[in-house]
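Notes for the structure review
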Amino acid sequence: MMADTESEEIAVIGNTDLTPSELENNIKNAMVEKGTHLLKRLEISVAEAEKRTGKNAVSMQETYTVYLIETRAVDGASEAASPAPDSLWRRYSEFELLRNYLLVTYSFVVVPPLPEKRAEFVWHKLSADNMDPDFVERRRVGLENFLLRVASHPVLANDKIFYSFLTQEQSWKEVVFETGFQAKADSRLKALNATFRVKNPDKRFAEMKHYGDELQSVISQLLRVRARVADRLYGVYKVHGNYGRVFSEWSAIEKEMGDGLQSAGHHMDAYAASVDDILEEEEHYADQLKEYLFYTEALRAVCRKHELCQFELEMAAQDLTSKKQQREELATGTVRTFSLKGMTSKLFGQETPEQREAKLKILETQIEEGEDMLKEKNTEAEEFVKSAWVDIERFREQKDRDLKEALISYAIMQISMCKKGIQVWNNAKECFSKM
Amino acid sequence: MMSGTVADSSTSDAVSEEISGNLLELDEDEDLEVFSKDPTFTDGSSLNASMQTSPGSMVNQYKFEEEDEQPESKDIFVTVDSPESHVTAIETFITYRVLTKTTRSEFDSSQYEVRRRYQDFFWLKSKLEEAHPTLIVPPLPEKFVMKGMVERFNNDFIETRKRALHKFLNRIADHPILSCSEDFKIFLTAQAWELASHKKQGPGFLSRMGDTVRAVAATVRGVKNRPEEFNSMQEYVEAFSLKMTSLDKITQRIIKEKKEYLEELKECAPIYTLWVGSEEELAEPLKLMTSCMDRCCRETAEQVQYLSNSLLPILHEYVLCTETLKTVLRRRDNIQAEFEAKSEALATKKTDSEAESKVLSLAWDSLVGKDPEEVRQQKEQKLKGEIKEMKEDIDKMEDKLEWANNTLKGDWSRWQKNMRTDLRAAFTRTAEKNVEHYEKTTAPLWLLSSPYSHALV
């Protein structure tokens, strides 16, 4: 297959002329080819970003950014020019609302993450300001990516709320709230409690959670170091600009060396300037890593949901068992377990048969309900495990694919940077040798 | 008919390229024994300053290596190495081994090994400057390093100094006049006690003081009619000095930034290695990524090494050189100033001698009872004598000035050529190194990028 590339170090095989943006397109194409029904018939993009000012909830003036979502019907058959796209504007907070809805409604899905709310892992040249145009641009790309990921998900793509997010300008928010999803959300406390007390979670989920933790740790470290490296690299390149200036000045006092020095100086200037593009491209790699950093949170959420389901199942089973036991005790009159009731009845005398009858009847009903509940929880838990594991596998494959692509595009970007460096210094060498 | 090293481009090609960078091209006129290695030639005879360079042997590509590439007809090889620390009751100091291999006849043996300390090098430089005030004596590394708390016995410092001292001696050895210096020979060959005793000889402190006083007086007076070529030399040296200092600083800054970049970069590979542990499918590309990072670190470290050990020292040497150039120009000016002063004094004396036959002194002499005619004749004789003396003195000064001008011009031209060769070589090599750096860094990246692109999905 690709055996011949392993032996040589300088093998020139494979399409290394791909730019990182072309690779990104490849990912998008891959999503379309995977072919959810939605993507087959709709083109989705986040085309623009704009600043708006308005009054917020507490009637204070605020500036915020809105993003233009464009959708266009894909007509595979016709060769005519595509019709004009439909479009609407959305704020970041609306994206957040959509995602929260998806998280609650499809708790077994590893829901794609949004781009970061605030700029983190910045190196000095990049601004941490949310209003900074570079940040806004990168966010626009991230939001588009989010929509495409959702639209290419076999389950999420079919969601109506998602569809109206893309197409319904007015009162989408009301529609979302009407679904009552917020009531279905599990409280953090409940989830935490379950995590501690669950007895038999599925091993695979525990491993996945652990993997999520590791991945998050590794990517965070990488991003932090990468930012510092970028900072330093910037410094190295920029100082060379000083060579340019001094060579130029020096060439003025030299006769034979003047020309060589002057042209060498220009190349030094070009070298110093080239770092801006390099770092911009490298930012792309960082963005790809960031997406998966945020994905780990979604992965862990699914694992936690499993723990919750499992815990509730265990609780239901436990509850049923204890009720059955109580029935037995009542029926046989033996008190095997210590209870306040037992004590008081010992102290103050037994109940009347009528009272016992009544209690038994209640217990029977509870037991019946408990058995139904157990069945329900059991089914829930089983279904959850099944569908969650399917999505986790899907996620794993996607992750492997995407990160491989990211590493490759990083390598390609670095090769291109080296090529530029070689060119500049070869040019400079020519000039120097003519000094 | 020239003895010693000849830059004749008809001899082997490899040789001519190396040599012509180091020696002046000789005039075709065979009367000149300009660059004879005859040790009796130290002063006196004038140099023909119109050195012509034959275009054919102008250097295009002088390969600049850390170790000087010795042309075949070079007959003296000097190395400085093996720094050693010596501790006495009073002080601690470093000595360096100076190894000399030579076929020159004035040396009794063909190989010498001595130990010298910085003081000794300093002594040699002073002696050379004394003997040849308007020759451009190569610079010594600084006595102290001002900025940064550089320990005198810090390894990097010693290494850098050692290399600079090596350069210093080799530049002297390459210099057609300086390498014939007796002091140089003694420096290379004498045992410690011999050197110490030789140092004690030579013009005493007082006579040196006298020179200094004269020099200061001349400086104060200043030069009146500096020839245009020395004016432009002065301007050039000043501008060049600024540029070299800038380049020195910039290079130091680049080294610093690269070192800091390297420190950060070193943290990447371990993280990728850690990541490998959690992955299956991704393990391969991640391992490749690690090797890319490792390679980049290695290459960057080498780059830093090269800049510190090869480019920076040469830039720094030329910064120090400019100080020497300024001093040499000053000395030449002083000689001219002295000459001008004496010429003026003579002119004054001459007008005085005419005024001598004026009334006042005659009146005095007649008062004292001397025969006015006799007195006048006596005075005239005396004046004539004084004027004759002054004229002789001035002639000597004129010769001295012409000699100084010519040696300076000759050495200046030589220095310029060397400078051009050295700096061209240094920067060219630096550019080559940078290209190499990128090429080597690229190699593992190909591995990472090639097997997988378009094999996905």
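Predicted, not measured: the structure shown is a model, and the values here were computed from it. (Residues numbered from 1 in each chain as written. Chains lettered and ligands numbered in written order. Predicted model: local features only at pLDDT ≥ 70, side-chain atom pairs only at ≥ 80, totals over all residues. Heavy atoms only, no water.)

1. Here's the deal with the overall build of chain A
Of the regular secondary structure elements, chain A holds 13 helices and three strands. Within chain A, the fraction of its 435 residues that count as buried is 45%. Contacts in chain A between residues at least 24 apart in sequence constitute 76% of all its contacts with a sequence separation of at least 6. Split by element, the accessible area of chain A, about 22800 Å² in all, is 52% carbon and sulfur. (Helix = DSSP H or I, 4+ residues; strand = E, 2+ residues; numbered from the N terminus. Buried < 20%, exposed > 50% of the residue type's maximum accessible area, 1.4 Å probe, protein only. Contact = heavy atoms within 4.5 Å. Areas by Shrake-Rupley, 256 points an atom, 1.4 Å probe, with all protein chains shown as cover.)

2. A closer look at the overall build of chain B
Along its length, chain B carries eleven helices and three strands. Along chain B, helices and strands appear, N-terminal first, in the series α-β-β-β-α-α-α-α-α-α-α-α-α-α. Pairs at least 24 residues apart make up 77% of the contacts formed inside chain B by residues separated by at least 6 positions. When the accessible area of chain B is evaluated, it comes to approximately 23400 Å², of which 53% is carbon and sulfur surface.

3. Observations concerning the sheet that holds strand β1 (residues 76-87) of chain B
Residues and elements named next belong to chain B. Pairing in this open sheet of three strands is antiparallel, and the strands run β1-β2-β3 from one edge to the other. With one partner strand each, in any of the chains shown, β1 and β3 (111-117) form the two edges of the open sheet. Neighbour-to-neighbour, the strand axes of the sheet open up by a mean angle of 20°, direction not taken into account. Pairing between β1 and strand β2 (residues 92-102): ten bridges, direction antiparallel. Paired with His86 across the strands is Phe93, a residue of β2. (Pairing = 2+ DSSP bridges. Axes fitted to C-alpha atoms, helices over the stretch in contact; angles between N-to-C directions.)

4. So, the sheet that holds strand β1 (residues 42-55) of chain A
Sheet strands line up and pair through hydrogen bonds in the backbone, either parallel or antiparallel. Residues and elements named next belong to chain A. Spatially, β1-β2-β3 is the arrangement adopted by the three strands of the open sheet, whose pairing is antiparallel. Strands at the two margins of the open sheet, each flanked by one partner only, are β1 and β3 (86-91). The sheet shows a mean angle of 25° between the axes of neighbouring strands, direction not considered. Pairing between strand β2 (residues 61-73) and β3: six bridges, direction antiparallel. Paired with Tyr67 across the strands is Arg90, a residue of β3. Lying over the sheet, helix α6 (residues 160-167) contacts β1, β2 and β3, oriented at roughly 105° with respect to β3.

5. Quick notes on the packing of helix α4 (residues 92-105) of chain A against α6 of chain A
All names here are of chain A. At a minimum axis distance of 10 Å, the contact between α4 and α6 shows a crossing angle of 165°. When the axis of α4 is compared with that of α6, the two are roughly antiparallel. Remark: the crossing between α4 and α6 carries left-handed chirality. In contact with Glu94, Phe95, Leu98 and Tyr101 of α4, α6 contributes Ile161, Phe162 and Phe165. Here the residues of the contact of α4 with α6 are counted per class, giving six nonpolar, no polar and one charged. (Parallel < 35°, antiparallel > 145°, perpendicular 65-115°, else oblique. Left-handed = near helix turned anticlockwise from the far one by under 90°. Nonpolar A, V, L, I, M, F, W, Y, C, P; charged D, E, K, R; others polar.)

6. As for the interface of chain A and chain B
If you look at the interface, chain A gives 70 residues, while chain B gives 63 residues. Summing both sides of the interface, chain A and chain B together bury roughly 6400 Å²; the carbon and sulfur share of this comes to 73%. For chain A, the biggest contributors to the area lost against chain B are Arg232, Tyr243 and Lys404 of chain A; these three give 10% of the whole. On inspection of chain A and its partner chain B, the count reaches nine salt bridges. For Glu279 of chain B, the salt bridge identified is with Lys399 of chain A, shortest N-O distance 2.7 Å. Linking chain A with chain B are 16 residue pairs in polar contact (both at pLDDT 80 or more), by the criterion used here. (Buried area = accessible area lost by both parts, 1.4 Å probe. Salt bridge = Lys/Arg side-chain N within 4 Å of Asp/Glu carboxyl O. Polar contact = N/O pair within 3.5 Å; in protein donor to acceptor, adjacent residues only side chain to side chain.)

7. Re the environment of Leu42 of chain A
Residues and elements named next belong to chain A. By the element assignment, Leu42 lies in strand β1. On the basis of relative accessibility, which here comes to 9%, the residue Leu42 falls in the buried class. When the C-alpha positions of Leu42 and Val74 are compared, they lie 5.2 Å apart, and in sequence the two are 32 residues distant. Those residues within four positions of Leu42 in sequence are excluded, and the remaining contacts are Thr71, Arg72, Ala73, Val74, Tyr163 and Leu166.

8. What about the packing of aromatic side chains?
Within the structure shown, the criterion is met by 27 aromatic pairs over all chains. Here the aromatic rings of Phe240 of chain B and Trp415 of chain B are separated by 5.5 Å at their centres, their planes lie at 85°, and the arrangement is edge-to-face. A residue pair is termed long-range when its members are at least 10 positions apart, and Phe240 of chain B in helix α7 (residues 228-265) and Trp415 of chain B in helix α11 (residues 372-449) qualify at 175 residues. Trp415 of chain B matches Phe240 of chain B in its accessibility class, with the two residues each being buried. An aromatic cluster of at least three residues, connected via ring pairs, comprises Tyr243, Phe247, Trp250 and Phe432 of chain A together with Tyr236, Phe240, Tyr318, Trp412, Trp415 and Phe427 of chain B. Positioned above the aromatic ring of Phe165 of chain A is the side chain of Arg90 of chain A, whose terminal nitrogen or guanidinium carbon lies 4.7 Å from the ring centre. Over the ring of Phe187 of chain B we find Arg116 of chain B; its NZ or CZ atom is 5.4 Å from the centre of that ring. (Phe/Tyr/Trp six-rings, centres within 6.5 Å; stacked < 30°, edge-to-face > 60°. Lys NZ or Arg CZ within 6 Å of the ring centre and 35° of its normal.)

9. Examining the pairing of β1 of chain A
Of the pairings in the sheet, the one linking β1 of chain A to β2 of chain A comprises 13 bridges and is antiparallel in character. Considered in β2 of chain A, the bridge of Leu42 of chain A is made with Ala73 of chain A.

10. Side note on the environment of Arg327 of chain A
Residues and elements named next belong to chain A. Assignment of secondary structure puts Arg327 in helix α11 (residues 258-332). In this structure Arg327 comes out as partly exposed when scored by relative accessible area, which is 25%. Along the primary structure Arg327 and Leu156 are separated by 171 residues, whereas in three dimensions their C-alpha atoms are 46 Å apart.

11. Regarding the confidence of the model for chain B
Residues and elements named next belong to chain B. Scored by pLDDT, chain B has a mean of 78; 72% of the residues are at 70 or more. Counting contacts from residues 1-70, a segment whose pLDDT is below 50, to residues more than four positions away or on other chains yields 106 contacts. Segment residues 453-457 is flagged for pLDDT under 50; beyond a separation of four residues in sequence, or across chains, it makes 13 contacts in the model. With pTM at 0.77, the complex prediction returns an ipTM value of 0.83. (pLDDT = per-residue confidence, 0-100.)

12. Re the nonpolar core
Grouped together as the largest cluster of nonpolar side chains are 119 residues, with contacts concentrated most on Phe247 and Trp250 of chain A together with Tyr272, Trp275, Trp415, Leu423 and Phe427 of chain B. At the level of elements, α10 (203-251), α11 and α13 (353-433) of chain A together with α7, α8 (268-276), α9 (283-356) and α11 of chain B are the ones that each hand at least two residues to this core. One finds Phe95, Leu97, Tyr101 and Leu147 of chain A within the second-largest nonpolar core, a separate group that totals 34 residues. (Core = buried A, V, L, I, M, F, W, Y, C linked by side-chain atoms within 4.5 Å.)

13. Thoughts on the pattern of salt bridges
Residues and elements named next belong to chain A. The tally for this structure, following the rule as stated, stands at 71 salt bridges over all chains. Here Glu430 ties to Lys434 by a salt bridge, and the two come within 3.3 Å at their closest N and O atoms. Note on Glu430: relative accessible area 48%, which makes it partly exposed. The class for Lys434 is exposed, based on a relative accessible area of 57%.

14. With respect to the side chain of Asn405 of chain B
Residues and elements named next belong to chain B. Residue placement: Asn405 occurs in helix α11. Here Asn405 falls in the buried class, since its relative accessible area comes to 13%. Sequence-distant contacts of Asn405, defined by excluding residues within four places in its chain, comprise Phe230 and Arg332.

15. A word on the environment of Ala411 of chain A
Within the secondary structure layout, Ala411 of chain A lies in helix α13. Separated by 126 residues in sequence, Ala411 of chain A and Tyr285 of chain A place their C-alpha atoms 9.9 Å apart. Excluding residues that lie within four positions of it along the chain, Ala411 of chain A makes contacts with Leu445, Leu448 and Ser449 of chain B.

16. What about unusual backbone geometry?
Not every positive phi belongs to a glycine, and Ser171 of chain A is a case in point at roughly 45°. Mapped onto the fold, Ser171 of chain A is located in the loop between α6 and α7 (172-178). Overall, the relative accessible area of 40% leaves Ser171 of chain A in the partly exposed class. Phi is positive for Ser82 of chain B, which is not a glycine, with a value near 45°. Among the secondary structure elements, Ser82 of chain B is positioned in strand β1.

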